[in-house]
Amino acid sequence: MCILVHSNEIVDRGMNGMRHAEFIVIAQMLESYPRSALQETDLYVTIEPRIMCASALEQCQIRIVYYGCANDRFGGIGRGRGLFLYIRIARLILLSGY
C-alpha cells in the first residue's frame, strides 16, 4: 500500500498489482497536479521501496518517504542495496524497528 500526502491531504493511494504502488499513485496525482507539487509531497508506503521505485521517487523529487519496514533483500533506500548513498530524497523515515 502506498499513500501520497500533499498539503496535509491524502491525494492518492495505490496497491501493488502489475505495477508498483509508487508508480500508480504518482501517475494518478499527476493527472490533477503539476509535477512541481511532488516536491511538497510525502509518500507513505508499507515496505521500503525497491531500487526502481526509489530511483523514481528521487527523480520526482518526493519530499519525505515514510516506510513501515525495511526490505533487506531488495530495498533501494536503506540497508538493502545501500543505494541510499545516491538517492537525494529530503528525508527517509523508517516507522518501525524492523
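Summary of the structure given here. Everything numeric here is computed off the predicted structure, so don't read it as measured data. Note that residues are indexed from 1 along each chain, following the sequence as it is written. Residues qualify for local features only when their pLDDT is at least 70, as the model is predicted, and side-chain atom pairs are given and counted only at 80 or more; totals for whole chains, interfaces and linings, by contrast, use all residues. For the side-chain quantities, the full set of heavy atoms in the structure was used; hydrogens and water were omitted.

Check the secondary structure of the chain and you find two helices and five strands. Strands here are runs of E lasting at least two residues and helices are runs of H or I lasting at least four, both read from the DSSP assignment and numbered beginning at the N terminus. Across the chain, helices and strands are ordered from the amino to the carboxyl terminus as β-β-α-β-α-β-β. Residue exposure ignores everything except the shown protein chains as possible cover, and the areas themselves are Shrake-Rupley values with a 1.4 Å probe. Carbon and sulfur atoms form 52% of the exposed surface of the chain, whose accessible area is close to 5,900 Å².

In this section: the side chain of Thr41. Locating Thr41 in the fold gives a position in strand E3 (residues 41-47). Residues are treated as being in contact if the distance between any of their heavy atoms lies within 4.5 Å. Excluding residues within four positions of it along the chain, Thr41 makes contact with Leu4, Val5, His6, Met29, Ile62, Arg63 and Ile64.

Residue pairs three or four apart in sequence face the same way in an α-helix, which turns once every 3.6 residues. Listing the buried residues of helix H2 (residues 51-60) in full gives Cys53, Ala54, Ala56, Leu57, Glu58 and Cys60. Here the buried face of H2 lies against helix H1 (21-30), E3 and strand E4 (64-69). Gln61 sits one or two positions beyond H2 and adopts a positive phi of about 60°. We call a residue buried when its accessible area falls under 20% of the maximum for its residue type, exposed when it is over 50%, and partly exposed in between, using a 1.4 Å probe and counting protein chains only.

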